[in-house]
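Commentary on secondary and tertiary structure
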Amino acid sequence: MHRQSLYTLNQIMAEAHSAVAFSFAITHEGWDVNFDREVLHLIWASGVRSWKKRMARFKNNVKNGVYPAPLQSLWATFAVVAGCHFAGIILPPGWVEFFYSLLPERTTVYELVACLCVSVLIWLVIIYSLRYALKLLLMYKGWMYESRGQNRSVSLQTKLWLVGVKLFSGASKPMLYSFQGSLPRLPLPTVEDTMSRYLRSVRPLLDDVQYARMERLVQEFQNGIAVKLQRYLKLKSWWSTNYVSDWWEEYVYLRGRSPLIVNSNFYGIDAILMHPTHIQAARAACIIHTALQYRRLIERQELEPILVQGLVPLCSWQYERVFNTTRVPGVETDKITHCTDSNHIVVYHKGRYYKVIIYHKNRLLTPSELEIQMDYILADKSVPAEGEEKLAALTAGERTAWANTRLEYFFKGINRQSLDAIEKSAFVVALDDVPYEFNEADPTKLDNYGAVLLHGKGYDRWFDKSFTLCIGTNGRIGFNAEHSWADAAVMSHMWEYIVCDDAMKMGADAPVMGHLWEHVLAADMEDGYGPDGHTKGTPEFQPPTPMRLQWDLPPPCLAAIERSNEVVQQLVKDVELRIYLHNAYGKGFMKECRVSPDAFIQMALQLAYHRDAGRFSLTYEASMTRLYREGRTETVRPCTIESAAWVKAMDNSSTTTEERISLLLKACEMHQRGYQDAMCGKGIDRHLFCLYVVSKYLEVDSPFLKEVLSEPWRLSTSQTPHGQTSRLDLKKFPRCISAGGGFGPVADDGYGVSYIIAGEDLIFFHISSKRSSPETDSHRFAQQIEKALSDMRNLFTEWKNLKKK
């Protein structure tokens, strides 16, 4: 049935009720103590929940510490040792007797205690031997470079490695952080190798004179200051868990003073081929509930760690900060704050902020209960306080300006309380007042959909939070995420979990729009959507009333908000976003051509950019280094000698089809090798970045490093990963495909291109650029990509026809 929020307490009463939980005063009549039982009960429940989580975390840490052995193996070891001891078998020599002699009495009980001590010692030796053996095995990366296709067989060395990894990974189900202690450290490349790869990567970008000059700079650096810098960096690689990640987080993200909006934060879009409900409150409630379930999986470490090829684990370190995390501004550098627990979220709607409690008696609110809370917020007719509507522009604007404003006006009083509510929330939800539109007959509507998620109005997302869930008036969803706490792949994993959960609640054959409900799963499901589009289930109680956050914003603070908003609006107006849907073919055709889909698309981007700009440019493609502990990203440089040769051949009428195919296959093979090198710690850019940081610490100038680190990435690209959760079955739910997400341009005169290979015949490209640049145009570049992909398909078709003849 249709539910409306019916509350006996008005908003002011609710705020007053929660404002004072305890007061103490001395009067002429004696002691005067007042306390609010309900609020104190909430505090008590929060403490109990926190301690339960601490105990669970301790238990999980013990399990992770002994993985791959199960805890039960300790008792098996004890049984063997005790059995051998009482059978007269001295194993190991004298150990039981040694521990027995340290005990006060010689009784059977103390004999068992001595056997237990020996069992624990043997057990720990075996466990850490297994973990170290697994760590040594995971250092081997030869499997990455071996083709698993029909043309080549896997080497004997890799087969033996495969058996070893399976053997030492254990039979018990791993937890989220089970493999953390077994992951190897990121290796430090030699300066010589990095310089060689760097020179090769810039060769297509430089003429002979420029290249000769660059060779001299490299030689001077390699034979000079690089020796000292590498020595310090090698010391850091020995001492720290990962020699890159902490500096990358601090200097690339947290020390950046430019606005987060467009420049740093990224976005993700709904599974647009499915539309489970048009009711905003219902969709918000289900998505919030699913996100909180995902948080619980992380807290309990029940989320499955990602295993490449179902065997090699990726580092799960970044998952710890998905929720309860905020980037706090500083005058010179920001910091990331993470709360171990949070019992509320914050919802933004039409310029107002609400604190929403998500627990009742130590259980999560159900979707039907959350929908009541969302309905209350949507029905609230109150107006924002002066300055409240555009308050979040501070988080979007210049970081130093926000830091100064925060110190002056948000350090105490009700502003501090309200700010704490936002920053200590699990996440922020934005109930937008516009629909998120998509129509398969008119895919251009995706442009506005993406723009709303990338920047919105410039002040309707809390850009400091780890992520903001965004819900349109028509029930479509998306997110805006801050980048410093983790990489996009981690956020994509959560997003895939959420949209997959929605698909499972709908049924496999649900159409895109309209009458979905005959396809809903079994009627006894506890959550999901009913035939009327509202959440299923019946609320067990009246959920806590959302509380309006209060603000006291004096004129100077209002002026600071307006200044930040002016900066933000200039950025919003300048960015141009085009989301191009390519459905002529997808990874199915690329696999038929026996080419890596990622390499295929990267070559198309190289061809498109050369035709658009009339030149080659330094190109960034993000890859990950999570095969190593605390690994984040590395740069692949798709513009290679081989790719440049192929691009030139494509626009040279004198080259034959066979020559173009040969050059393309070589270019794709080289790109794939570069991607593999980056994943295996043999990249170029993170090593150069760390050498530059060391040079700054030592106050030593390097003309080579200064020039390299200042080179603009005019074409910045990234592939959105999917298929990270085993829950997603595209055969059963073929329309459960997210349109991916995107980001702003890295260079003022460049493009930001994110793409997702969504299906056998579907690819989404998110293309951003700046309107102020006369050299770029996102719509024009989308047309160049379309033409490049068409030309590549024609090329392979011609080649296949020639082979048949």
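Cut-offs used in this document
- Residues numbered from 1 in each chain as written.
- Predicted model: local features only at pLDDT ≥ 70, side-chain atom pairs only at ≥ 80, totals over all residues.
- Heavy atoms only, no water.
- Helix = DSSP H or I, 4+ residues; strand = E, 2+ residues; numbered from the N terminus.
- Contact = heavy atoms within 4.5 Å.
- Areas by Shrake-Rupley, 256 points an atom, 1.4 Å probe, with all protein chains shown as cover.
- Pairing = 2+ DSSP bridges.
- Axes fitted to C-alpha atoms, helices over the stretch in contact; angles between N-to-C directions.
- Buried < 20%, exposed > 50% of the residue type's maximum accessible area, 1.4 Å probe, protein only.
- Salt bridge = Lys/Arg side-chain N within 4 Å of Asp/Glu carboxyl O.
- Polar contact = N/O pair within 3.5 Å; in protein donor to acceptor, adjacent residues only side chain to side chain.
- Disulfide = S-S within 2.5 Å.
- pLDDT = per-residue confidence, 0-100.
- Parallel < 35°, antiparallel > 145°, perpendicular 65-115°, else oblique.
- Nonpolar A, V, L, I, M, F, W, Y, C, P; charged D, E, K, R; others polar.
- Expected span 1.5 Å × (residues − 1).
- Arc of directions from axis to C-beta.
- Core = buried A, V, L, I, M, F, W, Y, C linked by side-chain atoms within 4.5 Å.
- Patch = residues over 30% accessible without salt bridge, like charges linked within 9 Å, V, L, I, M, F, W, Y side chains within 5 Å.
- Left-handed = near helix turned anticlockwise from the far one by under 90°.

Each helix and strand counted, the protein chain has 25 helices and 22 strands in total. Long-range pairs, those at least 24 residues apart, make up 77% of the contacts in the protein chain between residues at least 6 apart in sequence. Accessible area of the protein chain: about 35,700 Å², with a carbon and sulfur share of 57%.

Time to look at the sheet that holds strand 14 (residues 477–481). The strand order across the open sheet formed by eight strands is 15-9-8-12-13-14-3-20, and the pairing between neighbours is mixed. The open sheet has two edge strands, strand 15 (547–548) and strand 20 (741–742), and neither has a second partner. Note: strand 3 (residues 266–269) against strand 14, four bridges, orientation antiparallel. Its bridge partner being in strand 14, glycine 268 is matched across the sheet by phenylalanine 479. Running over the sheet, helix 15 (residues 413–423) touches strand 8 (344–349), strand 9 (352–357) and strand 12 (428–431) and is turned about 105° from strand 8.

Bringing helix 14 (residues 399–409) into the picture now. The complete set of buried residues in helix 14 reads Arg399, Trp402, Ala403, Thr405, Arg406 and Tyr409. Residues of helix 14 that are buried sit in contact with strand 6 (325–328), helix 13 (393–396), helix 15 and helix 18 (555–574).

This part is about the pattern of salt bridges. Across all of its chains, the model carries 37 salt bridges by this definition. With a shortest N-O distance of 2.9 Å, aspartate 246 and lysine 236 are connected by a salt bridge. Of this pair, aspartate 246 sits in helix 10 (residues 245–254) while lysine 236 sits in helix 9 (residues 225–239), placing them ten residues apart in sequence. Classification of aspartate 246 as partly exposed rests on a relative accessible area of 40%.

Let us look at the sheet that holds strand 19 (residues 715–719). The six strands are arranged 16-22-21-19-17-18 in an open sheet whose pairing can be described as mixed. In this open sheet, the two strands that pair with only one neighbour each are strand 16 (575–582) and strand 18 (633–636). The average undirected angle you get between the axes of adjacent strands in this sheet is 25°. Inspection of the sheet shows strand 17 (residues 619–624) paired to strand 18 by four bridges, in the antiparallel sense. In the strand pairing of strand 18, glutamate 621 is matched with valine 636. Here helix 22 (residues 657–679) sits on the sheet in contact with strand 17 and strand 18, set at roughly 50° to strand 17. Lying on the sheet, helix 25 (residues 778–804) is in contact with strand 16, strand 19, strand 21 (751–759) and strand 22 (762–770); it crosses strand 16 at an angle near 25°.

Next up on the list: the side chain of aspartate 487. Among the secondary structure elements, aspartate 487 is positioned in the loop between strand 14 and helix 17 (488–506). Residue aspartate 487 is classed as buried on the basis of its relative accessible area of 7%. Engagement of the side chain of aspartate 487 in a polar contact is seen with the side chain of arginine 632, the distance being 3.0 Å. In this structure aspartate 487 touches Tyr253, Gln318, Arg632 and Thr633, once residues within four positions along its chain are discounted.

Let us now look at the environment of serine 368. The residue serine 368 is located in helix 12 (residues 367–379) in this model. Note on serine 368: relative accessible area 1%, which makes it buried. When the C-alpha positions of serine 368 and threonine 535 are compared, they lie 5.4 Å apart, and in sequence the two are 167 residues distant. Side chain to side chain, serine 368 and threonine 366 meet in a polar contact 3.0 Å long.

Our focus in this paragraph is the state of the cysteines. Enumeration over the complete set of coordinates arrives at zero disulfides. Free cysteine cysteine 84: the closest other cysteine sulfur is in cysteine 115, separated by 9.4 Å. Using a relative accessible area of 14% as the deciding quantity, one classes cysteine 84 as buried. Cysteine 593 takes part in no disulfide bond, and the closest cysteine sulfur, belonging to cysteine 668, lies 9.5 Å away.

For the rest of this paragraph, the subject is the confidence of the model for the protein chain. On average, residues of the protein chain carry a pLDDT of 88, and 88% of them reach 70 or more. Considering only residues more than four positions removed or in separate chains, one finds that residues 1–21, a stretch of pLDDT under 50, has 44 contacts. This stretch, residues 508–525, has a pLDDT under 50; its non-local contacts, to residues over four places away or in other chains, come to 42 contacts.

Take unusual backbone geometry next. In this structure, asparagine 324 is a non-glycine residue whose phi angle is positive, near 60°. When you line up the elements, asparagine 324 lands in the loop between strand 5 (312–313) and strand 6. The exposure class assigned to asparagine 324 is buried, which follows from its relative accessible area of 2%.

As a further point, take the packing of helix 9 against helix 23 (residues 685–697). Viewed as axis vectors pointing N to C, helix 9 and helix 23 meet at an angle of 100°, and their least axial separation amounts to 9 Å. Compared by their axis directions, helix 9 and helix 23 come out roughly perpendicular. Contacts between helix 9 and helix 23 pair Leu229, Gln230, Tyr232 and Leu233 from the former with His687, Cys690, Leu691, Val694 and Ser695 from the latter. Tallied by class, the residues present in the contact of helix 9 with helix 23 amount to six nonpolar, three polar and no charged.

The topology assignment puts serine 738 in the loop between strand 19 and strand 20. In terms of polar contacts, serine 738 uses its side chain to reach the backbone carbonyl oxygen of isoleucine 269, at 2.8 Å. At a separation of 3.0 Å, a polar atom in the side chain of serine 738 contacts the main-chain amide nitrogen of glycine 740. Not counting residues within four places of it along the chain, the set of residues in contact with serine 738 comprises Ile269, Asp270, Ala271, Trp495, Ile756, Ala758 and Phe764.

Here helix 8 (residues 208–223) spans 23 Å end to end across 16 residues, near enough to the 22 Å set by a 1.5 Å rise per residue. For helix 8, the complete set of buried residues consists of Tyr211, Met214, Leu217, Val218, Phe221 and Gln222. Along helix 8, the residues classed as buried sweep out an arc of 125° about the axis, all on the same side. Of the exposed residues in helix 8, those oriented more than 90 degrees away from the buried face are Asp208, Val209, Arg216, Glu220 and Asn223. Buried residues belonging to helix 8 abut helix 7 (191–202), helix 9, helix 23 and helix 24 (703–709). The opening residue of helix 8, the one whose side-chain oxygen lies 3.2 Å from the backbone nitrogen of valine 209, is aspartate 207.

As a further point, take the nonpolar core. Counting residues in each nonpolar core, the largest one holds 108 residues, and the members touching the most others are Phe427 and Phe704. Looking at which element gives the most residues to this core, the answer is helix 11 (residues 280–299), with ten residues. Look past the residues within four positions of phenylalanine 427 in its chain and what remains in contact with it is Ile288, Ala291, Leu292, Phe323, Ile345, Val346, Lys465, Phe467 and Leu469.

Attention now goes to a nonpolar patch on the surface. Taken together, the side chains of Trp75, Leu116, Val120, Leu124 and Tyr128 make up a nonpolar region of the molecular surface, amounting to roughly 470 Å² of accessible area. Here the nonpolar patch takes four residues from helix 5 (residues 108–138), the largest share from any one element. Within the secondary structure, leucine 124 sits in helix 5.

Further remarks concern the environment of serine 718. Here serine 718 shows up in strand 19. Between the C-alpha atom of serine 718 and that of glycine 742, which follows or precedes it by 24 residues, the distance is 8.5 Å. Leave out the neighbours within four places in its chain, and serine 718 touches Ala622, Phe743, Val753, Ser754 and Tyr755.

Here we come to the pairing of strand 14. Of all five residues making up strand 14, five are buried, and the element is well covered by its neighbours. Of the two faces of strand 14, the one lined by Ile477, Phe479 and Ala481 and the one lined by Gly478 and Asn480 are each fully buried. In this structure, the hairpin formed by strand 13 (residues 467–471) and strand 14 is closed by a connection of five residues, where glycine 475 is found at a positive phi of approximately 90°.

Here the focus is the packing of helix 20 (residues 597–613) against helix 21 (residues 641–650). The contact between helix 20 and helix 21 brings their axes to 10 Å, and the two run at 60°. Classified by the interaxial angle, the pair formed by helix 20 and helix 21 is oblique. Of the two possible hands of crossing, helix 20 and helix 21 adopt the one that is right-handed. Contacts between helix 20 and helix 21 involve Met603, Gln606, Leu607, His610 and Arg611 on the former and, on the latter, Ser643, Trp646, Val647 and Met650. Here the residues of the contact of helix 20 with helix 21 sort into five nonpolar, three polar and one charged.

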